[in-house]
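# Examination of the molecular architecture
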Amino acid sequence: MHDPNCIFCKIIAGDIPSQKVYEDEELFAFRDIRPAAPVHFLVVPKVHVPSMAQVSAEHAPVLGRLMTKIPALALEQGCNPYPDGGYRVVVNTGVDGGQEVHHLHVHVMGGPRPWRVG
Ligand code: 5GP
Ligand code: ZN
């Protein structure tokens with residue numbers, strides 16, 4: 001369920017401080033410590049799943065809830081409305097995917113350009 005060595009499990013547990021954006025019984029969202037865009041937060045399932053590569057049908061409910069929370073959270077956090085605004089939703093997976101933290105997380109990036117990443 002939880003990995004004692006996982007930095008995001010520690011953030012979810014409150015053992016490492018974070019700027020929380022949202023929390024419910026299954027989900028946790030917090031600002032990225034190194035934002036790549038004016039708005040940049042991460043949404044994670046509380047259950048420790050290492051990456052998208054381990055996702056299976058049993059995760060469909062929690063990941064469905066995660067994805068459907070994003071539109072409201074993005075606007076609350078300052079992303080401008082679609083279509084002139086909008087945001088980028090990214091799940092880096094594995095080394096080739098650029099994943100650094102191995103607890104499944106969804107990046108939500110938005111706000112006025114230019115961004116640190118293209
Ligand atoms: P990845 O490259 O794994 O998709 O992204 C990991 C993200 O987690 C990075 O954007 C990085 O800035 C962020 N991050 C890493 N450690 C921490 C931390 O301790 N606190 C917060 N808030 N973000 C972190
Ligand atoms: Zn974890």
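The structure we're discussing is the one just above.
Please read these numbers as outputs of a predicted model, since none were measured by experiment.

Here we come to the sheet that holds strand S3 (residues 39-45). In space, the five strands of this open sheet follow the order S1-S2-S3-S5-S4, with antiparallel pairing throughout. At either margin of the open sheet sits one strand with a lone partner, and together these are strand S1 (20-23) and strand S4 (87-90). Direction aside, the axes of adjacent strands within the sheet are offset by 15 degrees on average. Pairing analysis gives five bridges linking S3 to strand S5 (residues 106-110), with the strands arranged antiparallel. Considered in S5, the bridge of His40 is made with Met109. In the packing of helix H2 (residues 60-76) onto the sheet, contacts are made with S1, strand S2 (27-31), S3, S4 and S5, and the angle to S3 comes to roughly 160 degrees.

Around the zinc ion (ligand 2), the donor atoms from the protein are Cys6 (SG), Cys9 (SG), His48 (ND1) and His103 (ND1), and they sit 2.0 to 2.3 Å away. Around the zinc ion (ligand 2), the four donor atoms are arranged such that angles at the metal cover 105 to 117 degrees; this shape is classified as tetrahedral. Along the chain, the residues donating to the zinc ion (ligand 2) are arranged with the sequence spacing C-x2-C-x38-H-x54-H. Of this pair, Cys9 sits in helix H1 (residues 7-13) while His48 sits in the loop between S3 and H2, and the two are 39 residues apart along the sequence. Each of the two residues, Cys9 as well as His48, counts as buried.

This paragraph deals with the layout of surface pockets. In this model, the largest pocket occupies a volume close to 630 Å³. Those elements that place two or more of their residues in the lining of the largest pocket are H1, S2, S3, S4 and S5. The element that contributes the greatest number of residues to the lining of the largest pocket is H1, accounting for three residues. Grouping the amino acids of the lining of the largest pocket by side-chain chemistry returns 13 nonpolar, eight polar and six charged.

S5 sits mainly inside the fold: five of its five residues count as buried. Neither face of S5 is left uncovered, since the one carrying Val106, Val108 and Gly110 and the one carrying His107 and Met109 both have all their residues buried.

Right, let's get into the nonpolar core. Considering soluble globular proteins, one finds that nonpolar side chains tend to be buried as a cluster. Ranked by size, the top nonpolar core spans 18 residues in total, and within it Phe41, Val43 and Leu66 carry the most contacts. If you list the elements that add at least two residues to this core, you get S1, S2, S3, H2 and S5. For this core, the leading source of residues is H2, giving six residues. Those residues in contact with Val43 that lie beyond four places of it in its chain are Phe28, Ala29, Leu66, Ile70, Leu104, His105, Val106 and Val108. If you look at the next biggest cluster of nonpolar residues, it comprises nine residues, including Cys6, Cys9, Ile11 and Phe28.

The rules behind each value
- Residues numbered from 1 in each chain as written.
- Chains lettered and ligands numbered in written order.
- Predicted model: local features only at pLDDT ≥ 70, side-chain atom pairs only at ≥ 80, totals over all residues.
- Heavy atoms only, no water.
- Pairing = 2+ DSSP bridges.
- Helix = DSSP H or I, 4+ residues; strand = E, 2+ residues; numbered from the N terminus.
- Axes fitted to C-alpha atoms, helices over the stretch in contact; angles between N-to-C directions.
- Contact = heavy atoms within 4.5 Å.
- Donors = N, O, S within 2.8 Å, 3.2 Å for Na, K, Ca; no water.
- Tetrahedral: all angles 85-135°; square planar, octahedral: opposite > 155°, others 65-115°.
- Buried < 20%, exposed > 50% of the residue type's maximum accessible area, 1.4 Å probe, protein only.
- 1 Å grid on protein atoms, 1.4 Å probe; cavity = no way out; pocket = protein on both sides within 12 Å on 5 of 7 lines; lining within 4 Å.
- Points joined across faces, edges and corners; volume = space filled by probe spheres on them.
- Nonpolar A, V, L, I, M, F, W, Y, C, P; charged D, E, K, R; others polar.
- Core = buried A, V, L, I, M, F, W, Y, C linked by side-chain atoms within 4.5 Å.

Geometry only, nothing functional implied.
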